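A structural walkthrough
Each chain is listed here by its residues.
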Amino acid sequence: MVKEGYRKERLDRGIKARCDSIFMLTSYREILYMLLPRVLPIAALIIIPLVLEVSGQVYWQKVFILACVISLLAMGWDYLASVGLVSLGQALFFGVGAYIAGALNHYLKWPIFLTIPVATLGGALICTLLLAPIIRMRGIYFGMVTLAFPLFFNRIIEATKLCGGTEGLPGLTQFPTIWVATYLIIGALLICLFAFRRIIDTDYGMVLRGIRDNDRAIMASGINIYWVKVQAIFICAAAGAFAGAFMSHHIGIVGMSVFALDMSIMPVAAVVLGGGGTFAGATLGTFILVPLSEFLRAYGTLRIAIYSLVMVVCVVGLPEGIFHYLQRKYHQFDRWVTVEAKE
Amino acid sequence: MKRDLLKVVNLTKSFGGVRAVDEVSFEVAEGEFLGLIGPNGSGKTTTVNLITGYVKSDKGKVFFKGKDITGKAPYAIANIGIARSFQMVRPLYQLPAFKNIVVALRSPRVMKEIRGGKYGELDDIAIDLLEDVGFERDSFVPYKLASALPHGYLKRMELARCMALRPDLYILDELFSGMSMSEVAATMFIIEKMKQGGKTVIMIEHRLRELFRVADRVLVLNFGRKIAEGTPKEISESNEVKKAYIGVEVELA
Ligand SMILES: Nc1ncnc2c1ncn2[C@@H]1O[C@H](COP(=O)(O)OP(=O)(O)O)[C@@H](O)[C@H]1O
Ligand SMILES: [Mg+2]
C-alpha cells in the first residue's frame, strides 16, 4: 500500500534506540509500546479467573488452574532445555511433589503452608539425586531415562501399595477458597516466568546456554558443567514439584495419575507449540493446548486425532513457535509518517 | 635449575588399531616456551587432549606442579591452571564474543581473584581481553555474536579465553592455522609478549618459522612417538626430523 506524501516507519526502531535511556519516558506511546506485551498477559492472567467466576464457568475455572500448573512444568522443561537436557519425564517432578505433599498431609496431618514448601524443596532434592547419576547422558539417552522414571514409580506404587496404592491418598486438606488456589498458582507462574527470563539473561544464564551450545568450550573455561546441570535440574524439579504439591491440595487427593504420561508429554508439546527459550512461549503454548484438549473432550475418541492434527498444522505452519512469530510481528508494526516535501 | 611445571610420563593412547600417542614423555620447566611439531596425524592434538583431560589415557601419567592430574576432568584441569585452545575452534556461537570470555571469567579460579566485582565489571574485563588480542572495540566486534565472526577472530578468541583463565601453563594448538598473514603477524606480537612476560607455553604449530623464533625447545612427534627434542637450531638441522617432515623443509630453509 502506498499513501501519497507518507512513508512507513517501524515503531520499534526509534524506541529501541532510546529504550536504554531516560528519553524513553518522554512519550507515553513509547512506554505503551514497551509495556503492553508485558502488562497485557499479566492483566489477562489476573482478570480471566474473575470473568470465569462472574459468568459461572466452574469447569473452565478448573481448566484455567490446570493450565497454570502445566505451564510450570513447561517452563521447567524449557529451563532444562536451555542447558541442553531434553526431559521426557516432567511427570516425575510433578508426581514426586504431589506424593510428598499428599503423604505429609495424609499421614502426619501437616498443614498446607508446610507441605507445599517441603514438597517443593524435598521433591526437587529427591528428583535431582535420582537424575544426577545420568547427568552425563546426552540428548535422547537422557530423555529415555527420564521417560522411564515416572512409569517406574507408577508401577512401584501399584505393586507395593505404597501411599495407598491404586486408591491413592484421599481427604487431603484443600485450599480455603478457590481464590487462594487460583492466585497462588498465578503468583507462582509469574514468579517462575520472570525469574527464569531474568536468570537466562545473566552471566549465569550465559553459562547455561553455553553448555547447550558447546560443553567442551565451557569445560575449557574451567566451569564444572555437571554441577551447573545439577543446579538446572534442581530448579526445574522445584517448579514441577511445587505444581504437583499444589495440585494435590487443590483437588484433595493424590493418586497414581500424577505419574501419567500426559504430564510428561503436555509440557514438551506446549514448548514446541509456543516456542522454546523464552518461557513466555512455554506459557503461551500451555494456555493454547490445555483448553484445546479440554474443549475436544466433547468429541470422544476423535479428541486425540483432532488434537494431533492441530499440533501438526501449528508446528508445520509456525516451526519457530507461536511466541517467536508474534514477537517478530510485533516488532514489525509500522505507522505512516509524512515524507518531507521534495522540491 | 627451574623446577618442572608439567611432567608427562609414558603417555599412551590408541584409537582402535591406531596408536595415536605412543609412550610420550617430556617435561616443561617454569617459564619455558616449548614447541611441539609433527606431521598431520602425528598425535599432537591427542597429546594435548590427554594432558587436559578430554581423552582418557590408556597408560602413562601427567604431573602438574608435582601433583598427579592424570584422568582429572577438563574443567578441574583448567582450574588448576592449564588453559588450552582448540585447533578446531569451539566458540559459544549463540553468545556475543565478549560473553564467551565472561564464561571463562566466571570459573572458580578467576572468581577467586576478582571477587567483589559487581555486575558489568566482568564484561569490561572480557572486552579488554578481546581488545588485547586485536578485536576492534570501536567497530563493536566484541559485541557481535560469535557465529557472525570470521575464523581468524574465533582463533584469537580462543587465545583470549586462555588468557582470561590467567593460567600457569598455556597450551596453544595450531593457533595460526586459518589465520591471514596479517593476523598471524599481529598474534605473533602477542605471543612474543607472553614469552617476554615469562609465561610457560606449549605451542603446537605448523608455521615453523614463527615457532622457532619464540621456542626455547622443540619436541617432534611422528606416528605418536617422540622422535627428536632440542633447540630450534638443532631440530632444523636434524636429518631425522627432515625425513619425517618432508615438505616443510622448504619452509625451514
Ligand atoms: N577421537 C578420535 N577417534 C579416533 N581416532 C582419533 C581421534 N582423535 C585422533 N584420532 C587419530 O589419532 C591420530 C592422531 O591425531 P591428532 O592427535 O589429531 O594428530 P595431530 O594433531 O598431530 O594432527 C590420527 O590418526 C587421528 O586419526
Ligand atoms: Mg592437531
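Residues numbered from 1 in each chain as written. Chains lettered and ligands numbered in written order. Predicted model: local features only at pLDDT ≥ 70, side-chain atom pairs only at ≥ 80, totals over all residues. Heavy atoms only, no water.

1. Quick word on the domain arrangement of chain B
All names here are of chain B. Its domain assignment divides chain B into domain 1 (1-72 + 170-175 + 200-253) and domain 2 (82-166). Computed over C-alpha atoms only, the centres of domain 1 and domain 2 are separated by 26 Å. Taken together, the 15 residues of domain 1 in the interface contact 10 residues of domain 2. Carbon and sulfur atoms supply 59% of the area buried between domain 1 and domain 2, which totals about 1200 Å² over both sides. It is Tyr170, Asp173 and Leu175 in domain 1 that bury the most area against domain 2; as a group they hold 43% of the surface buried on that side. Counting across the domain 1 and domain 2 interface gives zero salt bridges. Counting across the domain 1 and domain 2 interface gives eight residue pairs in polar contact (both at pLDDT 80 or more). Of all the elements in the fold, those that place two or more residues in the side of domain 1 that touches domain 2 are helix H1 (44-51) and strand S7 (169-173). Class assignment of the residues belonging to the side of domain 1 that touches domain 2 gives a composition of 10 nonpolar, three polar and two charged. (Domains from an automatic or database assignment. Contact = heavy atoms within 4.5 Å. Buried area = accessible area lost by both parts, 1.4 Å probe. Salt bridge = Lys/Arg side-chain N within 4 Å of Asp/Glu carboxyl O. Polar contact = N/O pair within 3.5 Å; in protein donor to acceptor, adjacent residues only side chain to side chain. Helix = DSSP H or I, 4+ residues; strand = E, 2+ residues; numbered from the N terminus. Nonpolar A, V, L, I, M, F, W, Y, C, P; charged D, E, K, R; others polar.)

2. Focus on the sheet that holds S7(B)
Residue and element names in this part refer to chain B. Spatial strand order, S6-S7-S8-S3-S9-S10: six strands in an open sheet with mixed pairing. Only two strands of the sheet have a single partner each, and these edge strands are strand S6 (82-84) and strand S10 (225-230). Each strand axis lies, on average, 15° off the axis of its neighbour in the sheet, ignoring direction. Note: strand S9 (residues 217-222) against S10, five bridges, orientation antiparallel. By the bridge assignment for S10, Leu219 is matched with Glu229. The strands touched by helix H6 (residues 151-164) within the sheet are S6 and S7, with S7 carrying the most contacts at an inclination of about 165°. (Pairing = 2+ DSSP bridges. Axes fitted to C-alpha atoms, helices over the stretch in contact; angles between N-to-C directions.)

3. Observations concerning the sheet that holds strand S1 (residues 4-15) of chain B
Residue and element names in this part refer to chain B. The antiparallel open sheet is built from four strands, whose spatial order is S2-S1-S4-S5. The sheet terminates laterally at strand S2 (18-29) and strand S5 (67-68), the two strands that pair on one side only. The pairing of S1 with strand S4 (residues 59-64) spans five bridges and is classified as antiparallel. Looking at S4, one finds that Lys7 is bridged to Phe63.

4. Some remarks on the interface of chain B and chain A
In this assembly, 24 residues from chain B lie in contact with 21 residues from chain A. Of the roughly 2100 Å² buried between chain B and chain A, counting both surfaces, carbon and sulfur atoms make up 58%. The largest share of the area that chain B buries against chain A comes from B:Tyr54, B:Tyr75 and B:Arg106, three residues that together contribute 30% of it. Applying the counting criterion to the chain B and chain A interface returns one salt bridge. The closest approach of N and O atoms between B:Lys99 and A:Asp203, which form a salt bridge, is 2.7 Å. Listing elements by their share of the side of chain B that touches chain A, those giving two or more residues are helix H2 (74-80), helix H3 (97-105) and helix H5 (121-132) of chain B. Class assignment of the residues belonging to the side of chain B that touches chain A gives a composition of 16 nonpolar, three polar and five charged.

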